[in-house]
Every structure is written in structure tokens, then in C-alpha cells.
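An overview of the molecular structure
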Amino acid sequence: GDESMYRALAQLAIAEGRPQEAIPLARKGALGCFGCTGDLIGEAYEKLGIVDSAIAAYEAALRPPTYGSDYQNWRPVVVPRAMFKLGELYESQGAQQKARDRYAAFVDLWQQADPALQPTVQVARGRLTSLTGAR
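Remember, predicted model here, so these are calculated numbers, not experimental data.

Next up on the list: the pattern of salt bridges. Under the definition given, this model contains ten salt bridges. Note that Lys47 and Glu43 form a salt bridge whose closest N and O atoms lie 3.7 Å from each other. Here the residue Lys47 and the residue Glu43 both occupy positions in helix 3 (residues 38–48), the gap between them amounting to four residues, near one helical turn. Assessed through its relative accessible area of 16%, Glu43 is described here as buried.

Here it is, written out as C-alpha cells:
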């Protein structure tokens, strides 16, 4: 439906450096499923430097979508991306336990992923190791 179109428009706005325009588009695309475009809203807030709102949006993206939503298909893309970003953002804020939780969940989810994705898994593992050592 229209959700996919709004999602695409939000992605385009982010890619073209118009993050503030991406947020209302992404919200419109979520259509009653708060969090279904949380990965895009998070990215837009991140680019605007509003970390708390970015974290809230990425966390919302981890929640299961509304039943019957088109977004079931997006889950494999949205969830790992949000988890990795949350690891980075929590780490940047010094919230080490939360960062560890998100990186660990990401590694768990993607350790069997395509070879093309393995470099990201290695980065997450590395972050996890240094955070665990940094108690």
C-alpha cells in the first residue's frame, strides 16, 4: 500500500540530506504501527543530532509490528539495523550495559548472515569485547 511509498520517500529525504522532512513521511508510512518506520525516524533524528529521540525511535523499531501490517516483510532489515545503531548510540552516551545488550542481540541475530554482512558482525563483536572488558 501507501506505506511502502512513504517509506521510500522518507529514505530518499534522508539520502538527500533532508532528515527533518523524512520524519513526518516516515510517520505517515507507519500507519498505526508505531515503530514500523522507527529505523528511518531514528536515522533522521541521528542526523539532526537529537540522540534521545533517535534512541526512542530505534527502540520502537524493535517492537513487533501491528498484526496484518505490510511491515512483517521489513523486519529482517529493520531489526538488525536498529539493534546495531542502538549499540552505537548507547555506547556514545556511556550506557555500557545497554550498548552490550544491543550489540549482543545483533550478533545473535546475524551470526549466520550472508558473508557480505559478516564485517558488520565482526565490528559488533569487537565493540562487545571492548565493552565487556571495560567494566
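Once that is clear, we can look at the packing of helix 6 (residues 96–110) against helix 7 (residues 118–133). It is at 9 Å that the axes of helix 6 and helix 7 come closest, and there the two elements cross at 145°. Judged by the sense of rotation from one axis to the other, the crossing of helix 6 with helix 7 is left-handed. Contact residues: Gln96, Ala99, Arg100, Tyr103, Ala104, Phe106, Val107 and Trp110 in helix 6; Gln118, Thr120, Val121, Ala124, Arg125, Arg127, Leu128, Leu131 and Thr132 in helix 7.

Given a rise of 1.5 Å per residue, 16 residues ought to cover 22 Å, and the 22 Å separating the end C-alpha atoms of helix 7 matches this to within 8%. Here helix 7 has its buried residues at Gln118, Val121, Ala124, Leu128 and Leu131. An end-on view of helix 7 places all buried positions within 140° of arc, on one side of the element. When the buried face of helix 7 is taken as reference, the exposed residues oriented beyond 90 degrees from it are Pro119, Thr129 and Gly133.

A separate point is helix 6. Each turn of an α-helix holds 3.6 residues, which means side chains three or four residues apart point in the same direction. In this model helix 6 runs 21 Å from its N-terminal to its C-terminal C-alpha over 15 residues, within 8% of the 21 Å that 1.5 Å per residue would give. By the burial criterion, the buried members of helix 6 are Ala99, Arg100, Tyr103, Phe106, Val107 and Trp110. An end-on view of helix 6 places all buried positions within 130° of arc, on one side of the element. Elements that come into contact with the buried residues of helix 6 comprise helix 5 (75–92) and helix 7.

Here we take up the packing of aromatic side chains. On inspection of all chains with the given rule, the structure shows three aromatic pairs. Ring centres of Phe84 and Phe106 lie 5.2 Å apart, and the angle between their planes is 55°; this geometry places the pair in the tilted category. On the criterion of sequence distance, the pair formed by Phe84 in helix 5 and Phe106 in helix 6 is long-range, its members being 22 residues apart. The pair formed by Phe84 and Phe106 is uniform in burial state, with each residue classed as buried.

Quick look at the nonpolar core now. With 34 residues, the main nonpolar core has Tyr103 and Phe106 as its most contacted residues. Of all the elements in the fold, those that place two or more residues in this core are helix 1 (2–15), helix 2 (19–30), helix 3, helix 4 (51–61), helix 5, helix 6 and helix 7. Counting residues per element, this core draws most heavily on helix 5, which supplies eight residues. Look past the residues within four positions of Tyr103 in its chain and what remains in contact with it is Phe84, Gly87, Glu88, Glu91, Ala124, Arg127, Leu128 and Leu131.

A few words now on the confidence of the model for the protein. Taken residue by residue, the protein gives an average pLDDT of 88. The fraction at 70 or more is 90%. By mean pLDDT, the top-scoring element of the protein is helix 3 (95), and the lowest-scoring one is helix 1 (90).

Further remarks concern the environment of Ala61. As for its position among the elements, Ala61 is in helix 4. With residues up to four places along the chain from it excluded, the contact list for Ala61 reads Gly35, Gly38, Asp39, Arg75, Val78, Val79 and Ala82.

Rules used throughout
- Residues numbered from 1 in each chain as written.
- Predicted model: local features only at pLDDT ≥ 70, side-chain atom pairs only at ≥ 80, totals over all residues.
- Heavy atoms only, no water.
- Salt bridge = Lys/Arg side-chain N within 4 Å of Asp/Glu carboxyl O.
- Helix = DSSP H or I, 4+ residues; strand = E, 2+ residues; numbered from the N terminus.
- Buried < 20%, exposed > 50% of the residue type's maximum accessible area, 1.4 Å probe, protein only.
- Axes fitted to C-alpha atoms, helices over the stretch in contact; angles between N-to-C directions.
- Left-handed = near helix turned anticlockwise from the far one by under 90°.
- Contact = heavy atoms within 4.5 Å.
- Expected span 1.5 Å × (residues − 1).
- Arc of directions from axis to C-beta.
- Phe/Tyr/Trp six-rings, centres within 6.5 Å; stacked < 30°, edge-to-face > 60°.
- Core = buried A, V, L, I, M, F, W, Y, C linked by side-chain atoms within 4.5 Å.
- pLDDT = per-residue confidence, 0-100.

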